[in-house]
Amino acid sequence: MNIFRHRPLGLLLPALLVAVAGCSAADGSDTVTAPTPDARTAPLCRDLDKALPRKVDGQPRRDPEPPSAYTAAWGSPAIILRCGIVRPPKMIDEKVALGEDPNAVGGGVNGVDWLMEKQDDGTWRFTTSERRAYVQVTLPEKLSGPDDSAQVLTDLAAAVKKAIPEGIASMRH
């Protein structure tokens, strides 16, 4: 007799989620929601995952839970990378383009252009622009000073240039 046939899946799923969440918190790993890139973007993100450096800003790679080719992390608290995200609204905000938004600005590091957004908690989030996939990097508070992000973006630039060609990211997310 199959006991799962008689138990509603709706009761089993919450129990599994609680168990997984408990394991993630116990081992100190970060939990990150993996993006769901479209068919055009997913292979680029998988290529990026293979090209990413072992260390960023001197911190070793220790990927978040659940494991995904679309997420990566370094250090603790973690520098988080997500590939294949939806285009951020500020990417097409006229105020940002005109330099009138004090919390968002464009810039480049080692041949990779980034939208830099200051978050409500004072940390910074960076999203690639002019690439065929959006790659987002979120810095922890300890690395959110004006000079701290440069090394992180420098360390990631070669992998982004290698795996994510220049162009326009897919609009279907």
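Each remark here, short or long, concerns the structure printed above.
Below, the structure is looked at part by part. The structure presented is a predicted model; accordingly, all values stated were derived computationally and were not measured. Just so you know, the residues in each chain are numbered from 1, in the order the chain's sequence is written. Reporting in this predicted model follows two pLDDT cut-offs: at least 70 for local features of residues, and 80 or more for side-chain atom pairs to be given and counted; totals over whole chains, interfaces and linings ignore these cut-offs and use all residues. Side-chain calculation: all heavy atoms of the structure are included, whereas hydrogens and water are not.

Describing the state of the cysteines
Using the following cut-off: Note on terminology: pairs of cysteine sulfur atoms within 2.5 Å are recorded as disulfides. The helix count covers DSSP runs of H or I at least four residues long, the strand count covers runs of E at least two residues long, and both are numbered beginning at the N terminus. Exposure categories follow from relative accessible area, calculated using a 1.4 Å probe and restricted to protein chains: below 20% of the type maximum is buried, above 50% is exposed, and the middle band is partly exposed.
This model, assessed by the stated rule, comprises one disulfide. One disulfide bridge connects Cys 45 with Cys 83, the sulfur atoms lying 2.1 Å from each other. Across the S-S bond of Cys 45 and Cys 83 the torsion is about -75 degrees, and the bridge reads as left-handed. Of this pair, Cys 45 sits in helix α2 (residues 42-51) while Cys 83 is found in strand β4 (residues 79-83), placing the two residues 38 residues apart along the sequence. The same class applies to Cys 45 as to Cys 83, namely buried.

Describing the nonpolar core
Condition: Buried residues of nine kinds, namely Ala, Val, Leu, Ile, Met, Phe, Trp, Tyr and Cys, make up a nonpolar core once their side-chain atoms join them within 4.5 Å. Here, two residues are considered to be in contact whenever any of their heavy atoms come within 4.5 Å of each other.
Formed by 30 residues in total, the largest nonpolar core has its most connected members in Leu 48, Leu 81, Val 137 and Ile 164. Put simply, the parts of the chain that give this core at least two residues each are α2, β3 (71-74), β4, β6 (112-118), β8 (135-138) and α4 (148-163). Top element by residues in this core is α4. It accounts for seven residues. Apart from the residues within four sequence positions on either side, Leu 81 is in contact with Leu 48, Leu 52, Tyr 70, Thr 71, Ala 72, Trp 74, Val 135, Gln 136, Val 137 and Leu 156.

Some details on the sheet that holds β3
Let me state the cut-off plainly: Two strands are counted as paired when DSSP detects at least two bridges linking them. Lines fitted to C-alpha atoms define the axes here, with helix axes fitted over just the stretch in contact, and angles between the N-to-C directions of these axes take values from 0 to 180 degrees.
Across the sheet, six strands lie side by side as β3-β4-β8-β7-β6-β5; this open sheet has antiparallel pairing. The sheet terminates laterally at β3 and β5 (104-109), the two strands that pair on one side only. When strand polarity is set aside, the average angle formed by the axes of neighbouring strands in this sheet is 20 degrees. Judged from the three bridges that link them, strand β7 (residues 124-129) and β8 form a sheet pairing that is antiparallel. Bridged to Phe 126 within β8 is Val 137.

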